[in-house]
Amino acid sequence: MAPLAEIGSTEHRFTVNLSILFTELPLLERPAAAAAAGFSAVELWWPWVDAPVPEQSELDALRAALNDAGTRLTGLNFYAGQLPGPDRGALSVPGEESARFRRNIDVAADFAGSMGCKALNALYGNRVEGVSEAEQDELALENLVRAAHAADRIGAVVLVEALNAPESPAYPLVSAPKAVEVVDRVNEATGLGNAKFLMDLYHLSMNGENLHQVIDSYTDKTAHVQIADNPGRGAPGTGELDFTDLLGRLAKAGYDGWIGLEYKPGDRPSAGSFDWLPAPLRSA
């Protein structure tokens, strides 16, 4: 695959999502693999899907792997249930899942703080039967407020992400306006202003949203961007999205934050999926 035309004209910084790339390797080997591919920044979903509060030794081992590889942690998800898997977050789900999220808040924030990570992604959660949507939304707001205060303690933002309806039909935030509405609600409740939009161009494209309009309307409320091509959720250049145009438009709109590479490498090792991005642009 040839490098994307003129992508070097942007000034964006790229970070590799180690929960979808390099998954052919054990977790603790992935930071070094990303560094070997030329990247100095990585992000993660919550790595312990069954443990909102893992053993301290596991946290220490991941911290050591990141530090030993010389990779900066730029983003971390709070506990989100079985992800990858059937779940799409935990904070709006009554009962044990919400309790797990709450137990995870300070653990995730403390780990992020120890790594200088300034962005924590709080996935909302699927709708559940037998509980009104209003009750789930009230619970979500309570938990997002807790998360925002924890993030503020380490100088970080809480990200609210829109997913896509075809792949996540039970997830309520499946458009940019819906996610931004939640962002605004959290900021109104806390007065902190540290709830921000996570603009995932793959999910928004899958929803059929006008990406130019989303960029123009919501970049000022966006603190993180993630990309994958559509269709297929592969590397840029494997689908139909024009990333030279989209990243350039983000830059013109004033976005100078991280671009998370959250795509599937396909039927090849992850290290071979970065040929679209010239090597000098990989290290931030």
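Our subject is the structure listed above.
Draft legend 1. Region of interest: helix H3 (residues 96-114). Compared with the 27 Å implied by 1.5 Å per residue over 19 residues, the 27 Å span of H3 between its first and last C-alpha is a close match. Along its length, H3 shows its largest kink, about 35°, at Asn-104. For H3, the complete set of buried residues consists of Glu-97, Ser-98, Phe-101, Asn-104, Ile-105, Val-107, Ala-108, Ala-109, Phe-111 and Ala-112. Immediately downstream of H3, the backbone of Gly-116 shows phi near 70°, a positive value.

Draft legend 2. Quick look at the environment of Ser-168. Counting through the fold element by element, Ser-168 comes out in the loop between strand S5 (157-161) and helix H5 (176-190). Relative accessible area serves as the criterion here: at 5%, Ser-168 is assigned to the buried category. Discounting chain neighbours no more than four positions away, the residues touching Ser-168 are Arg-88, Leu-163 and Val-174.

Draft legend 3. Representation of the environment of Leu-91 within the structure. Relative to the helices and strands, Leu-91 is located in the loop between strand S3 (72-77) and H3. Separated by 17 residues in the primary sequence, Leu-91 and Ala-108 place their C-alpha atoms 14 Å from one another.

Draft legend 4. Main features of unusual backbone geometry. Cis geometry marks the peptide bond from Leu-83 to Pro-84, where omega comes out at 5°. Turning to its location among the elements, Pro-84 is positioned in the loop between S3 and H3. Cis peptide bonds are those with omega within 30 degrees of zero, and the linkage from Asn-230 to Pro-231 qualifies with 5°. A positive phi angle, near 65°, is found at Phe-22, a position not held by glycine. As for its position among the elements, Phe-22 is in the loop between strand S1 (13-17) and helix H1 (30-36). Of note in the backbone geometry, Arg-233 takes a positive phi value of approximately 55° without being a glycine. Turning to its location among the elements, Arg-233 is positioned in the loop between strand S7 (222-227) and helix H8 (243-252). Exposure remark for Arg-233: the relative accessible area of 12% places this residue in the buried category.

Draft legend 5. Here's a closer look at the pairing of S1. Summarising burial for S1: 4 of the 5 residues are buried, a large majority. Relative to strand S8 (residues 258-261), S1 runs parallel, the two sharing 4 bridges. The residue of S8 that forms the bridge with Val-16 is Leu-261. Summarising the sheet, S1 and strand S2 (residues 41-44) pair through 2 bridges and their orientation is parallel. Among the inter-strand pairings, Val-16 is bridged to a residue of S2, identified as Val-42.

Draft legend 6. Up close: the packing of helix H2 (residues 56-69) against H3. The contact between H2 and H3 brings their axes to 11 Å, and the two run at 25°. Taken together, H2 and H3 sit at an angle that is classed as roughly parallel. You can see that H2 and H3 cross each other, and the crossing is right-handed. Every residue of H3 that contacts H2 at Leu-59, Leu-62, Arg-63 and Leu-66 is listed here: Val-107, Phe-111 and Ser-114. For the contact of H2 with H3, the residue count by class is 5 nonpolar, 1 polar and 1 charged.

Draft legend 7. Local environment of the sheet that holds strand S6 (residues 195-200). The 8 strands lie next to each other as S1-S2-S3-S4-S5-S6-S7-S8, forming a closed barrel whose pairing is parallel. The mean inter-strand angle of the sheet, taken between neighbouring strand axes irrespective of direction, is 30°. Across the sheet, H3 lies against S3 and strand S4 (119-121), angled at about 170° from S3, the strand it touches most.

Reading guide: rules and limits
- Residues numbered from 1 in each chain as written.
- Predicted model: local features only at pLDDT ≥ 70, side-chain atom pairs only at ≥ 80, totals over all residues.
- Heavy atoms only, no water.
- Helix = DSSP H or I, 4+ residues; strand = E, 2+ residues; numbered from the N terminus.
- Expected span 1.5 Å × (residues − 1).
- Bend = angle between axes of the 7 residues up to and from the residue.
- Buried < 20%, exposed > 50% of the residue type's maximum accessible area, 1.4 Å probe, protein only.
- Contact = heavy atoms within 4.5 Å.
- Pairing = 2+ DSSP bridges.
- Axes fitted to C-alpha atoms, helices over the stretch in contact; angles between N-to-C directions.
- Parallel < 35°, antiparallel > 145°, perpendicular 65-115°, else oblique.
- Left-handed = near helix turned anticlockwise from the far one by under 90°.
- Nonpolar A, V, L, I, M, F, W, Y, C, P; charged D, E, K, R; others polar.

So, to be careful, I would describe these as geometric facts and stop short of saying anything about function.
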